[in-house]
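Take a look at the letters that make up each chain.
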Amino acid sequence: FIYKPDSIMFDLEDAVALREKDSARLLVFHALQHPMYRDIEKVVRINPLNTPFGLPDLEAVVRAGVDVIRLPKTDSPEDIAELETHLERIEKACGREPGSTRIMAAIESAIGVINAVAIARSSPRLIGIALAAFDYVMDMQTERGDGTELFYARCAVLHAARAAGIDAFDVVWSDVNDEAGFLREVGLIRKMGFNGKSLVNPRQIDLLHNAYAPTQQEVDHAKRVIEAAEEGERNGLGVVSLNGKMVDAPIIDHAQRVLERAAASGVRQ
Ligand SMILES: CC(=O)SCCNC(=O)CCNC(=O)[C@H](O)C(C)(C)COP(=O)(O)OP(=O)(O)OC[C@H]1O[C@@H](n2cnc3c(N)ncnc32)[C@H](O)[C@@H]1OP(=O)(O)O
Ligand SMILES: O=C([O-])CC(=O)C(=O)O
Ligand SMILES: [Mg+2]
């Protein structure tokens, strides 16, 4: 797949007009089985299960081999429990390995943010939770701006994901021509600790990957930290100094993570 995204998401929810819901489901059912998408993680955003489209969406995409269901407008752990009950039944009916369909919950309301911890811990199928800003700001009676309006929600979703040991995904940036705005937001969410971001346009993929890749300077520093730690270990020291800065266990863990991220992003080491 030429753009090299980490995964590909088909949308059956708000990007699809009401009268197109059935034909979109059929298209996605066939796309999921196309050899072009064999080696990439396939996510489908189904319609909520309290609409007439949600269950038919689920029946179709699980049978077609989807990897991850993105459940929009997740307000409570009960929403995930309901999804899980259907998943168990459909997997059994079509001979899929039980538990093999994973879930990503999108949190899009005040109550969803309040329940983020319970949602994040509600199922072993969950790979992550995502904040969805456009519905969230509607619910909060505000609008998308410089990120101030998302401050609490981002912190809450991140803490919930980390406490549950799953990934946290940030909101979509909808103005695909505003590259500078996109990069400002990516800089912020990277510093906050998000694992990544939902994207709407192929032009955003490289920008995001480059912003998440460690710089050569960061890689060089991480290597010096590891070397200093190894030397400290040879000398029986738990803590060593590198250019006057303390190097101990969490600093070493961080350096290792920088090197892992560099390897994943293809940065020269
Ligand atoms: C708030 C929410 O619910 S977000 C989730 C649901 N929404 C979506 O998924 C929206 C998906 N994205 C899009 O529809 C579009 O990218 C828009 C509307 C944001 C921007 O549209 P455009 O300005 O026309 O995009 P652009 O000019 O960059 O398109 C260039 C090429 O990339 C393709 N492209 C654009 N977006 C995508 C995408 N998400 N996935 C795959 N290909 C895409 C276009 O079809 C076009 O291909 P072509 O040159 O073969 O015709
Ligand atoms: O789920 C998403 O990424 C986008 C979305 O629905 C929203 O912002 O309301
Ligand atoms: Mg939404």
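The name recorded for the chain in an unreviewed UniProt entry is Citrate lyase subunit beta, from Mangrovibacter plantisponsor. The record in UniProt for the chain states the following under Subunit (unreviewed entry): "Oligomer with a subunit composition of (alpha,beta,gamma)6." According to the UniProt record, the Cofactor (unreviewed entry) comment for the chain is "Mg(2+)".

The packing of two helices is summarised by the inter-axis angle and the distance between the axes. Interhelical geometry of helix H2 (residues 54-63) versus helix H3 (residues 77-94) gives an angle of 45° and a closest axis separation of 10 Å. The pairing of H2 with H3 is recorded here as oblique in orientation. Handedness of the crossing formed by H2 with H3: right-handed. Counting all contacts with H2, which are made through Leu55, Leu58, Glu59, Val62 and Arg63, the residues of H3 involved are Leu83, His86, Leu87, Arg89, Ile90, Glu91, Ala93 and Cys94. Counted by class, the contact of H2 with H3 contains eight nonpolar, one polar and four charged residues.

Time to look at the coordination of the magnesium ion (ligand 3). Protein coordination at the magnesium ion (ligand 3): the donors are Glu108 (OE) and Asp135 (OD), at 2.0 to 2.2 Å from the metal. Of this pair, Glu108 sits in the loop between strand E4 (102-107) and helix H4 (110-114) while Asp135 sits in helix H6 (residues 133-139), placing them 27 residues apart in sequence.

Right, let's talk about the sheet that holds strand E7 (residues 196-197) for a bit. A sheet is described by the order of its strands in space; here seven strands give the open sequence E1-E2-E3-E4-E5-E6-E7, paired in parallel fashion. Edge positions in the sheet fall to strand E1 (7-11) and E7, since each has one partner strand and no second. Two strands pair when backbone bridges link them, and E1 and strand E2 (residues 41-45) are joined in this way by five bridges, in the parallel orientation. Counterpart to Phe10 in the pairing with E2 is Val44.

Another aspect to go through is the confidence of the model for the chain. Per-residue confidence for the chain gives a mean pLDDT of 95, with 99% of residues at or over 70. For this predicted complex, the interface confidence score (ipTM) comes to 0.95, while the overall pTM stands at 0.93.

This brings us to the site of ligand 1. As a matter of local geometry, ligand 1 sits amid Asp11, Ala15, Arg45, Phe134, Val200, Asn201, Pro202 and Arg203. Between Val200 and ligand 1, the recorded distance is 2.7 Å, taken from a backbone N or O atom to a nitrogen atom. Asn201 places a polar side-chain atom, nitrogen or oxygen, 2.9 Å from an oxygen atom of ligand 1. Summarising the interface, the protein chains cover 36% of the accessible area of ligand 1, which totals 960 Å² for the free molecule. Considered class by class, the residues forming the shell around ligand 1 number four nonpolar, one polar and three charged.

Before going further, it helps to examine unusual backbone geometry. Positive phi values are uncommon outside glycine, yet Gln141 reaches one of about 60°. Along the chain, Gln141 falls in the loop between H6 and helix H7 (151-164). In the Ramachandran plot, Asn243 falls in the positive-phi region, its phi being about 50° despite a non-glycine side chain. Checked against the element boundaries, Asn243 lands in the loop between strand E8 (240-242) and strand E9 (245-247).

Before going further, it helps to spend a moment on the site of ligand 2. Taken together, the neighbourhood of ligand 2 is formed by Arg45, Arg70, Glu108, Ala132, Ala133, Phe134, Asp135 and Val172. Separating an oxygen atom of ligand 2 from a side-chain N or O atom of Arg45 is a distance of 2.7 Å. A distance of 3.2 Å is found between an oxygen atom of ligand 2 and a side-chain nitrogen or oxygen belonging to Glu108. In isolation ligand 2 has 270 Å² of accessible area, and contact with the protein removes 90% of it. Looking at the shell around ligand 2 element by element, the count peaks at three residues for H6. A breakdown of the residues in the shell around ligand 2 according to their chemical character gives four nonpolar, no polar and four charged.

Calculation criteria
- Residues numbered from 1 in each chain as written.
- Chains lettered and ligands numbered in written order.
- Predicted model: local features only at pLDDT ≥ 70, side-chain atom pairs only at ≥ 80, totals over all residues.
- Heavy atoms only, no water.
- UniProt positions renumbered as here; feature names shortened; annotations may be inferred.
- Axes fitted to C-alpha atoms, helices over the stretch in contact; angles between N-to-C directions.
- Helix = DSSP H or I, 4+ residues; strand = E, 2+ residues; numbered from the N terminus.
- Parallel < 35°, antiparallel > 145°, perpendicular 65-115°, else oblique.
- Left-handed = near helix turned anticlockwise from the far one by under 90°.
- Contact = heavy atoms within 4.5 Å.
- Nonpolar A, V, L, I, M, F, W, Y, C, P; charged D, E, K, R; others polar.
- Donors = N, O, S within 2.8 Å, 3.2 Å for Na, K, Ca; no water.
- Pairing = 2+ DSSP bridges.
- pLDDT = per-residue confidence, 0-100.
- Near = heavy atom within 4 Å.
- Polar contact = N/O pair within 3.5 Å; in protein donor to acceptor, adjacent residues only side chain to side chain.
- Areas by Shrake-Rupley, 256 points an atom, 1.4 Å probe, with all protein chains shown as cover.

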